[in-house]
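The primary structure of each chain is shown beneath.
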Amino acid sequence: MELVFATHNQHKLEEVQSMLGSKVQLKSLTDINLLEDIPETGTTFEENARQKTDYLIQRDYAVACFGDDSGLEIAALQGEPGVYSARYSGTRDMERNIDLVLEKMKGVSNRRAQFKTVISLYIGGDQYFFEGIIEGVITLEKRGEKGFGYDPIFIPHGHDRTFAEMDLAEKNRMSHRAIAIQKLTGFLQSREAN
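Scope of this entry: the structure provided in the associated data block. (Residues numbered from 1 in each chain as written. Predicted model: local features only at pLDDT ≥ 70, side-chain atom pairs only at ≥ 80, totals over all residues. Heavy atoms only, no water.)

### Let's talk about the nonpolar core
Burial of nonpolar side chains together is a common tendency in soluble globular proteins.
Okay, step 1: The biggest cluster of nonpolar side chains holds 20 residues, and the ones touching the most others in it are Leu26, Phe66 and Leu121.
Okay, step 2: Contributing elements (two or more residues each) for this core: β1 (2-5), α1 (10-20), β4 (112-123) and α5 (176-193).
Okay, step 3: Among the elements that line this core, the one with the most residues is α5, at 6 residues.
Okay, step 4: Not counting residues up to four positions away in its chain, the partners in contact with leucine 26 are Leu3, Phe5, Leu13, Val16, Gln17, Leu20, Asp31 and Phe66.
Okay, step 5: Core analysis: the second largest hydrophobic core is formed by 18 residues, Ala113, Phe115, Tyr150 and Met166 among them. (Core = buried A, V, L, I, M, F, W, Y, C linked by side-chain atoms within 4.5 Å. Buried < 20%, exposed > 50% of the residue type's maximum accessible area, 1.4 Å probe, protein only. Helix = DSSP H or I, 4+ residues; strand = E, 2+ residues; numbered from the N terminus. Contact = heavy atoms within 4.5 Å.)

Here it is in structure tokens:
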């Protein structure tokens with residue numbers, strides 16, 4: 001099965017492909033020659049994920065596709081950066097975004113946070129949604145070189161290392177995206193079986 005993942009982010013594409021296995025072949029927006037960025041103007045993860053699949057549908061890309069929106073929600077910051085995670089500092093520079101979070105969290109004892117992913121799947125003329133959440137805490141400083149986004153400052157509950165200190169396989173067993181992708185995969189498998 002071939003699916004278009006509405007992203008230009010090669011890291012996300014590789015991470016998701018490794019979770020889906022060989023039965024699903026992912027293509028990125030670049031692979032289908034859609035080079036512009038899809039606007040994300042929603043106020044929820046679900047709205048932004050849906051915008052990505054709607055964008056493809058409205059432009060007559062006759063493909064099964066999915067889009068996702070993910071973000072970091074920090075309790076002490078009233079859920080920020082939330083849907084603005086990728087551009088929290090006003091730019092898409094993740095180092096600046098991370099630095100802003102760490103600055104806002106200086107002296108804050110409540111470090112609870114969660115990563116959340118919502119996937120919008122368009123297939124067979126219908127749209128479906130899948131959600132994944134993983135809870136954890138924000139570190140005092142960046143740790144680790146792996147992963148991407150806010151991985152260097154997020155430790156999932158039950159662990160003592162950040163996502164950026166874990167290899168991809170370990171992270172993929174528990175991440176918010178992995179949880180949502182497992183739901184997506186289960187749906188696709190049950191669909192094929194029927």
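### Here's the deal with the layout of surface pockets
Okay, step 1: Size it by volume and the largest pocket reaches roughly 760 Å³.
Okay, step 2: What lines the largest pocket is a set of 29 residues, and nearest its centre among them are Asn9, Lys12, Glu40, Ala86 and Arg92.
Okay, step 3: It is strand β3 (residues 65-74) that provides the largest number of residues to the lining of the largest pocket, a total of 4 residues.
Okay, step 4: Per-class residue counts for the lining of the largest pocket are 11 nonpolar, 8 polar and 10 charged. (1 Å grid on protein atoms, 1.4 Å probe; cavity = no way out; pocket = protein on both sides within 12 Å on 5 of 7 lines; lining within 4 Å. Points joined across faces, edges and corners; volume = space filled by probe spheres on them. Nonpolar A, V, L, I, M, F, W, Y, C, P; charged D, E, K, R; others polar.)

### Re the pattern of salt bridges
Okay, step 1: Per the stated rule, a full pass over the model turns up 15 salt bridges.
Okay, step 2: Residue glutamate 103 pairs with lysine 106 through a salt bridge whose shortest N-O separation is 3.2 Å.
Okay, step 3: Assessed through its relative accessible area of 47%, glutamate 103 is described here as partly exposed.
Okay, step 4: Through salt bridges with shared partners, a single ionic network connects Lys12, Glu15, Asp68, Asp151, Lys171 and Arg177. (Salt bridge = Lys/Arg side-chain N within 4 Å of Asp/Glu carboxyl O.)

### Digging into the sheet that holds strand β6 (residues 154-156)
Okay, step 1: Taking strand neighbours across the sheet as the criterion, the 6 strands line up as β2-β1-β3-β4-β5-β6 in an open arrangement whose pairing is mixed. Each edge of the sheet is formed by a strand with only one pairing partner; in this case those strands are β2 (25-27) and β6. Pairwise comparison of adjacent strand axes, ignoring direction, gives a mean angle of 35° for this sheet.
Okay, step 2: In the sheet, β3 pairs with β4 via 10 bridges, with the strands oriented antiparallel. Bridging across to β4, glycine 67 finds its partner in serine 120.
Okay, step 3: Lying over the sheet, α1 contacts β1, β2 and β3, oriented at roughly 165° with respect to β2.
Okay, step 4: Across the face of the sheet, helix α2 (residues 45-58) comes into contact with β1, β3, β4 and β5 (126-138) while running at roughly 160° to β3. (Pairing = 2+ DSSP bridges. Axes fitted to C-alpha atoms, helices over the stretch in contact; angles between N-to-C directions.)

### Quick look at the packing of aromatic side chains
Any aromatic ring pair is given by two values, namely how distant the centres are and how the planes are angled relative to each other.
Okay, step 1: Following the criterion strictly, the structure yields 6 aromatic pairs and no others.
Okay, step 2: With a centroid separation of 5.5 Å and 55° between ring planes, the pair formed by phenylalanine 130 and phenylalanine 187 is classed as tilted. One end of the pair, phenylalanine 130, is in strand β5; the other, phenylalanine 187, is in helix α5, and 57 residues separate them in sequence.
Okay, step 3: Residue phenylalanine 130 is classed as buried on the basis of its relative accessible area of 10%.
Okay, step 4: Ring pairs connect the aromatic residues Phe115, Phe154 and Phe163, which therefore count as one cluster.
Okay, step 5: Residue placement shows arginine 59 over the ring face of tyrosine 55; its charged tip is 3.5 Å from the ring centre. (Phe/Tyr/Trp six-rings, centres within 6.5 Å; stacked < 30°, edge-to-face > 60°. Lys NZ or Arg CZ within 6 Å of the ring centre and 35° of its normal.)

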